[in-house]
Amino acid sequence: MDSRKLSELRAFVRLCKQNPALLHTPELAFLREWVESMGGTIPPAPANASTEETSKGKAEEHPEEPVKSPEPESEESDLEIDNEGVIEPDNDDPQEMGDENVEVTEEMADQANEKKIEAINALSEGDLQKAVDLFTDAIKLNPCLAILYAKRASVFVKLQKPNAAIRDCDRAIKINPDSAQTYKWRGKAHRLLGHWEEAAHDLALACKLDYDEDASAMLKEVQPRAQKIAEHRRKYERKREEKEIKERMERVKKAREEHEKAQREEEARRQAGGAQFGGFPGGFPGGFPGAGGMPGMAGMPGLNEILSDPEVLAAMQDPEVMVAFQDVAQNPANMSKYQSNPKVMNLISKLSAKFGSKP
């Protein structure tokens, strides 16, 4: 089943638990029937439900603008994280990475190893920048050795240049994705930047690949913050899901109400149309002149048959003709007023022919 649909269903269930009155809305009648058919019970409708029903008609006549729910605050607004030890990111130009496509000879590999040893000695003496330069020389000689990038990353962390360290670790992981040291130093770099979830991920993976007390200690520091951020995000995801379901239900409700309103208006139009022609045999007002004495009302044509004549239909759409026709229908003696009007007399002649009488 679609995981998104399941997530929406869970959010809908939570919404119903928080507000059981939703289960008594007309659009959820099918859900109530199903629950009860399975032996379940629906919580009783709240006391104000009947009041809402009685005021429904007024609400339809004078619909109010829906009150919009307040937008949830930003995800950061109520999240407090201890950012002690977090530093400003370094924005230096990217360090030299060496040519990945270079063909490393045995001599170059030996030279790179010598540079690495010199760099480690410089690091032990506390000369961090010299160590970076020597590791860079080693990398240019042998750019396919992951340990060189990991070592230089460790120096960048000590120099508090976390972005540079992350770039080195990314390259090292590309070469060797199973190096615990690389994940350890990238985790430490993320910790310096306050990237708590990324730091927890990398440090946990480092300990899984090769347990390290230093990495484990830092993992214990960053993990609670990462978990707090993750829980905070889940809370806002739930809020968004619930808001989306509410909005969808509102749209369904509005569409249903508009449909019902359109049906009522259409029914009113039909009734008004029928009333307009109510007194005439077959549906016209007042009776048609010459039709009153016709025997056998059952044999008279109905409205559909009369309107099937295109000329009759066209004439009835002419306001002048219809005014005259209603005048004659109400008082047949008024026909004399329209003897010189060919449009009116044509309609009367046609209708008289359909009823078998003469005008």
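From a predicted model like this one, the values you see are computed outputs, not experimental measurements.

Rules used in this analysis
Residues numbered from 1 in each chain as written. Predicted model: local features only at pLDDT ≥ 70, side-chain atom pairs only at ≥ 80, totals over all residues. Heavy atoms only, no water. Helix = DSSP H or I, 4+ residues; strand = E, 2+ residues; numbered from the N terminus. Buried < 20%, exposed > 50% of the residue type's maximum accessible area, 1.4 Å probe, protein only. Contact = heavy atoms within 4.5 Å. Areas by Shrake-Rupley, 256 points an atom, 1.4 Å probe, with all protein chains shown as cover. Salt bridge = Lys/Arg side-chain N within 4 Å of Asp/Glu carboxyl O. Patch = residues over 30% accessible without salt bridge, like charges linked within 9 Å, V, L, I, M, F, W, Y side chains within 5 Å. Lys, Arg positive; Asp, Glu negative; His and termini not counted. Charge placed at Lys NZ, Arg CZ, Asp CG, Glu CD. Expected span 1.5 Å × (residues − 1). Core = buried A, V, L, I, M, F, W, Y, C linked by side-chain atoms within 4.5 Å. Phe/Tyr/Trp six-rings, centres within 6.5 Å; stacked < 30°, edge-to-face > 60°. Lys NZ or Arg CZ within 6 Å of the ring centre and 35° of its normal. Arc of directions from axis to C-beta.

Engineer: Before we move on, can you summarise the overall build of the chain with the specific residues and values?
Structural biologist: Looking only at helices and strands, the chain features 15 helices and zero strands. Across the 359 residues that make up the chain, the buried fraction comes to 35%. Residue pairs at least 24 apart in sequence account for 59% of intrachain contacts in the chain once pairs closer than 6 positions are excluded. Entry remark: accessible area of the chain is about 22300 Å², with carbon and sulfur atoms responsible for 52%.

Engineer: Explain the pattern of salt bridges to me, using residue names and the numbers behind them.
Structural biologist: Proximity of charged atoms lets side chains of opposite charge pair with each other. For the structure on display, the rule yields 21 salt bridges. Linking Arg234 and Glu231 is a salt bridge whose minimum nitrogen-to-oxygen distance equals 2.9 Å. One end of the pair is Arg234 and the other is Glu231, both in helix 11 (residues 213–276) and three residues apart, which spans about a single turn. On the basis of relative accessibility, which here comes to 40%, the residue Arg234 falls in the partly exposed class. For Glu231, a relative accessible area of 36% translates into the label partly exposed. Among the charged side chains, a network of salt bridges with common partners joins Asp82, Arg191, Glu221 and Arg225.

Engineer: Outline a negative patch on the surface, supporting the account with residue identities and numerical values.
Structural biologist: A grouping of Glu106, Glu107, Asp110, Glu114 and Glu118 is seen on the molecular surface, where their side chains present a negatively charged patch. Its location among the elements puts Glu106 in helix 5 (residues 106–124).

Engineer: Before we move on, could you go through helix 8 (residues 162–175) and cite the residues and values that matter?
Structural biologist: Because an α-helix completes one turn every 3.6 residues, residues spaced three or four positions apart along the sequence face the same direction. For helix 8, built from 14 residues, the straight-helix expectation of 20 Å at 1.5 Å per residue is met to within 8% by its first-to-last C-alpha distance of 20 Å. Buried-residue contacts for helix 8 involve helix 7 (146–158) and helix 9 (180–193).

Engineer: I'd love a proper account of the nonpolar core, names of residues and values included.
Structural biologist: Counting residues in hydrophobic clusters, the biggest one holds 20 residues, and the most contacted among them are Ala153, Val155, Phe156, Val157, Ala165, Trp185 and Ala189. Sorting the residues of this core by element identifies helix 5, helix 6 (128–141), helix 7, helix 8 and helix 9 as the ones contributing at least two each. With five residues, the single largest contributor to this core is helix 6.

Engineer: Tell me about the packing of aromatic side chains, and name the residues and values.
Structural biologist: According to the stated counting rule, one finds zero aromatic pairs in the structure shown. In this structure, Lys239 packs its charged tip against the face of Tyr236, placed 4.9 Å from the ring centre.

Engineer: Give me helix 5: which residues, what numbers.
Structural biologist: Its 19 residues give helix 5 an end-to-end C-alpha distance of 27 Å, which sits within 8% of 27 Å, the value for a rise of 1.5 Å per residue. Of all the positions in helix 5, only Met108, Ala112, Ala119 and Ala122 are classed as buried. Each buried residue of helix 5 sits inside an arc of 75° when the element is viewed along its axis, so together they form one side. Along helix 5, the residues that are exposed and aim more than 90 degrees away from the buried face are Glu106, Glu107 and Ser124. Contacts from the buried residues of helix 5 go to helix 6. Directly beyond the C-terminal end of helix 5, a positive phi value near 85° is found at Gly126.

Engineer: Describe unusual backbone geometry, listing the residues and the values that go with them.
Structural biologist: Residue Gln160 is not a glycine yet carries a positive backbone phi of 60°. On the secondary structure map, Gln160 appears in the loop between helix 7 and helix 8. Judged by its relative accessible area of 45%, Gln160 falls in the partly exposed class.

Without other data, these values stay purely geometric and don't point to any function.
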